[in-house]
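# Residue-level structure breakdown
Residues per chain, in single letters:
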Amino acid sequence: MLARMTLEKTTRPLTFLRRGQPVTVGNVPPDRTLLQVLREDLHCTGTKEGCGEGDCGACTVVIGEAVDGKLTYQAVNSCIKLAHSVDGMAVFTVEDLSSDSGEQHPSQEALVQCHGSQCGFCTPGFVMSLFGMYQRYIAPTLPTACGSLPPEGALAPRGGPSALGSGGKGITREQAQVDLSGNLCRCTGYRPILDAAQQMGSLPLPPGCGVDEAVTLAALKSIRPKDQAGDAYLRPATLRALLQARSSHPKAQIVAGCTDVGLWVTKMHKRFSQVLDVTAARELRRVETYPHHFAIGAAVNLTDAFAALVSEYPPLKTFAQRFAGLPVRNAGTLGGNVANGSPIGDAMPLLIALGANVVLMRWDRKRQQIAHRELRLEDLYTGYRTNVMKADELLCWIKVPRAVRPSPQSSPASGRGGKTGRPASEVSSIPLPLAGEDWGEGRTKEGQAFLRVYKISKRFDDDISAVCLAIHMSVAGGVVTQVSIGAGGVAATPVRACQTEAALLGQPWTADTVMAATATLRAEFKPISDMRASAHYRQTVLGNLLQRYWLESQGMQHINLESLNAATLEAMV
Ligand SMILES: Cc1cc2nc3c(=O)[nH]c(=O)nc-3n(C[C@H](O)[C@H](O)[C@H](O)COP(=O)(O)OP(=O)(O)OC[C@H]3O[C@@H](n4cnc5c(N)ncnc54)[C@H](O)[C@@H]3O)c2cc1C
Ligand code: FES
Ligand code: FES
């Protein structure tokens, strides 16, 4: 009790926007979740608690943040989001969407019209995911800007004037499935909900149901968080300040998106007296592109980090969409996945296969400057969830080799040569490689690398791997000239399959070589049996995946997930 009172004294009041108006809550402990603040402190019980671990989506809210002068919208799970992480942001909940006179936002009205709700427990979460989609895909295409709304409200004040008619870009079935992958419904069935996602763009936006972005952006400026030195929840805005805070508070709990740490709070009931949040450090929120590699800041969320990876390596698209569900990808970071070092984490096998390095940084007190060291990703880990990071170090960058290196003739002025740092929100516009793998046919090409990553889990969507295998190989003159293989779910840490690589390198790329390497791969690791899979299953599947890679390298694309689209899946049920 005494400890709790001490915590409450040392946290600053937390301020965020609701309907364009600042809401301030005092005495919020550093480890209190956003859902607890909404439901218990603000008595906004529209946002539901289902699982309390980021799985069901009943607690989904949308976070609005100013990024490069624009408002971004991210659906996240409030049950595992620490409340102080939204300090200075806009929070939209299901209570914020309808107008004063009770008219529903299109995201709500579409669910009604399509019969997308039965018991209704999941419905607030679905509405918020739909609202996030509406703001990203439909609102920007509407004919009239929301600027005509009165200035007081971000969501227009209840009963305000109508600004918009119907319209908006269509949302495809596939997009709806991806964006709703973090919301579970036990009774309605998903077809009507997907119908609603596709229908909401054709519904009119009633008076008082729009977001005035200019007003919201101005309001966000007025609540920008001040320096928090000494606070129980530290969220420094620069890399230097972050590393200095790490050096001064080595015992503070580091958090990024909190999609792992949040469960330690809600499920393991851990308490943190001080938290150091890395996600505001602006340098770490960028993806920087260089001639030979691109560097993903540790605070770039998984959505943007995978956009950068897919942009460079297009076959990763399906794999990227199978990492958790959208709300977890919006909150969680690539840095958090790597630093957490779970043996069943998905990014690491891929990053090992791509030959990625990590950059660790610390504040050198003696020299009063930032010091850093770089190592291969697989060398970060020393054992089950342990790593070489020192008490004052942070993981800051993940450096990934590019798929296609620029030719010596290419000019830096063309935009493809020099360093092109860009905010993570823009990474999807990084141009695709001009040449490279024959992704279309999916067959290995002379001298060119062929990349595949396979995730085996019980559910297709929103599930953790039992086994993950990533293979990156080049073949020239019929012989394997380069190969790197990363594996997950088979050892205490994410690992590199060095023995299997040795069994393949310099060998002819034939079925016989593959069969021999399959035996090596199955014997290389001693996986454990747990609730996800038995050791025997894991070893068997590992070898099977190498054989699948061989078949795909021969052009058998129909056996992979990319050949399954929304239409074929619906036809199967
Ligand atoms: C429903 C659900 C589904 C999931 N599905 C998947 C999945 O499919 N695949 C998968 O791999 N994972 C999955 N996860 C796990 C989780 O989302 C990922 O591991 C995520 O990348 C963690 O990132 P984060 O930013 O949330 O990390 P956090 O939870 O904030 O931190 C995780 C750990 O990393 C440390 N840390 C974070 N950033 C740094 C840094 N910069 N320097 C040093 N230490 C740091 C923290 O101290 C903590 O120990 C899932 C989680 C949930 C809740
Ligand atoms: S309550 Fe289930 S995801 Fe938050
Ligand atoms: S309507 Fe009952 S869980 Fe979705």
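Definitions and limits used
- Residues numbered from 1 in each chain as written.
- Chains lettered and ligands numbered in written order.
- Predicted model: local features only at pLDDT ≥ 70, side-chain atom pairs only at ≥ 80, totals over all residues.
- Heavy atoms only, no water.
- Helix = DSSP H or I, 4+ residues; strand = E, 2+ residues; numbered from the N terminus.
- Buried < 20%, exposed > 50% of the residue type's maximum accessible area, 1.4 Å probe, protein only.
- Contact = heavy atoms within 4.5 Å.
- Arc of directions from axis to C-beta.
- Pairing = 2+ DSSP bridges.
- Axes fitted to C-alpha atoms, helices over the stretch in contact; angles between N-to-C directions.
- Near = heavy atom within 4 Å.
- Polar contact = N/O pair within 3.5 Å; in protein donor to acceptor, adjacent residues only side chain to side chain.
- Areas by Shrake-Rupley, 256 points an atom, 1.4 Å probe, with all protein chains shown as cover.
- Nonpolar A, V, L, I, M, F, W, Y, C, P; charged D, E, K, R; others polar.
- Domains from an automatic or database assignment.
- Core = buried A, V, L, I, M, F, W, Y, C linked by side-chain atoms within 4.5 Å.
- Parallel < 35°, antiparallel > 145°, perpendicular 65-115°, else oblique.
- Left-handed = near helix turned anticlockwise from the far one by under 90°.
- Phe/Tyr/Trp six-rings, centres within 6.5 Å; stacked < 30°, edge-to-face > 60°.
- Lys NZ or Arg CZ within 6 Å of the ring centre and 35° of its normal.

Once that is clear, we can look at the overall build of the chain. Assigned secondary structure in the chain consists of 18 helices and 20 strands. Within the chain, the proportion of its 573 residues that are buried is 55%. The long-range fraction of contacts in the chain, counting pairs at least 24 apart against all pairs at least 6 apart in sequence, stands at 69%.

Another aspect to go through is helix α2 (residues 34-41). Listed as buried for α2 are Leu34, Leu35, Val37 and Leu38. One side of α2 carries all its buried residues, which in axial view fall inside an arc of 170°. Taken together, the buried residues of α2 touch β1 (14-18), β2 (21-25) and β3 (60-67). Remark: His43 follows α2 within two positions and exhibits a positive phi of approximately 55°.

A few words on the sheet that holds strand β6 (residues 233-234). In a beta sheet, neighbouring strands are held together by backbone hydrogen bonds and run either parallel or antiparallel to one another. What the 3 strands build is an open sheet, ordered β6-β8-β7; its pairing is parallel. One side of each edge strand has no neighbouring strand; the edge strands of this open sheet are β6 and β7 (253-255).

Turning our eyes to something else, we now look at the pairing of β2. Across 5 bridges, β1 lies against β2 in antiparallel orientation. The partner of Leu14 across the bridge, within β2, is Val25. From the end of β1 to the start of β2, which pair antiparallel, there are 2 residues, and Arg19 there has a positive phi angle of about 50°.

The next thing to look at is the sheet that holds strand β17 (residues 449-456). A sheet is described by the order of its strands in space; here 4 strands give the open sequence β17-β18-β19-β20, paired in antiparallel fashion. The sheet is open, and its two edges are formed by β17 and β20 (495-496), each paired on a single side. By the bridge criterion, 2 bridges tie strand β19 (residues 479-488) to β20 in an arrangement that is antiparallel. The residue of β20 that forms the bridge with Gly486 is Arg496. Packed on one face of the sheet, helix α17 (residues 535-553) meets β17 and β18 (467-476) and runs near 145° to β17.

On to the site of ligand 1, then. Surveying the vicinity of ligand 1 reveals 36 residues, the closest of which are Ala256, Thr259, Asp260, Thr333 and Asp346. A distance of 2.8 Å is found between an oxygen atom of ligand 1 and a backbone nitrogen or oxygen belonging to Cys258. When the free accessible area of ligand 1 is taken as 990 Å², the share hidden by the protein chains comes to 93%. Top contributing element to the shell around ligand 1 by residue count: helix α13 (residues 334-340), with 4 residues. A per-class count over the shell around ligand 1 returns 18 nonpolar, 10 polar and 8 charged. The two domains that each donate at least three residues to the shell around ligand 1 are domain 1 (2-222) and domain 2 (282-572).

Among the structural elements, Thr518 can be located in helix α16 (residues 511-524). The buried category is assigned to Thr518, whose relative accessible area is 1%. At 2.7 Å, the side chain of Thr518 and the backbone oxygen of Val514 are in polar contact. If we skip the residues at most four places from it in the chain, Thr518 touches Gly543, Leu546 and Gln547.

Here we take up the pairing of strand β11 (residues 357-364). Of all 8 residues that make up β11, 6 are buried, and the element is covered over most of its length. In the sheet, β11 pairs with strand β15 (residues 394-401) via 5 bridges, with the strands oriented antiparallel. From the neighbouring strand, Met361 faces β15, where its bridge partner is Leu394.

Another aspect to go through is unusual backbone geometry. The phi dihedral of Cys258 falls on the positive side, at around 70°, and the residue is not glycine. Here Cys258 lies in the loop between β7 and α9 (261-266). Although it is not a glycine, Ala324 sits at a positive phi angle of roughly 50°. Relative to the elements of secondary structure, Ala324 occurs in the loop between α11 (317-321) and α12 (326-331). Ala324 gets classed as buried once you look at its relative accessible area, which sits at 13%.

All right, on to the nonpolar core then. Core analysis: the largest hydrophobic core is formed by 41 residues, its most contacted members being Ile296, Leu309, Val338, Leu350, Leu351 and Val400. It is helix α14 (residues 347-354) that provides the largest number of residues to this core, a total of 7 residues. Val62, Ala110, Met133 and Ile223 belong to the second largest nonpolar core, which has 40 residues in total.

Assignment of secondary structure puts Gly64 in strand β3. In this structure, the C-alpha to C-alpha distance between Gly64 and Leu220, residues 156 residues apart in sequence, is 9.3 Å.

Looking now at the packing of helix α3 (residues 106-113) against helix α4 (residues 123-138). Two numbers describe how α3 lies on α4: the axes approach to 8 Å, and their chain directions differ by 125°. Taken together, α3 and α4 sit at an angle that is classed as oblique. Crossing hand, α3 versus α4: right-handed. Contacts between α3 and α4 involve Pro106, Ser107, Gln108 and Leu111 on the former and, on the latter, Thr123, Phe126, Val127, Leu130, Phe131 and Tyr134. Grouping the constituent residues of the contact of α3 with α4 by class yields 7 nonpolar, 3 polar and no charged.

A few words now on the packing of aromatic side chains. The relative placement of two aromatic rings is captured by the distance of their centres and the angle of their planes. This structure, assessed with the given rule, holds 8 aromatic pairs. A ring pair is formed by Phe126 and Tyr190, whose centres lie 6.5 Å apart and whose planes are at 55°; its orientation type is tilted. In this pair, Phe126 sits in helix α4 while Tyr190 sits in helix α6 (residues 190-199), placing the two residues 64 residues apart along the sequence. Consider the rings of Phe306 and Phe323, whose centres lie 5.6 Å apart with planes at 50°: the pair is tilted. Here Phe306 is found in helix α10 (residues 302-312), whereas its partner Phe323 is found in the loop between α11 and α12, with 17 residues between them in sequence. When the ring centre of Tyr137 is taken as reference, the NZ or CZ atom of Arg136 above it lies at 5.1 Å. Here Lys270 stacks its cationic end above the ring of Trp264, 5.0 Å away from the centre of that ring.

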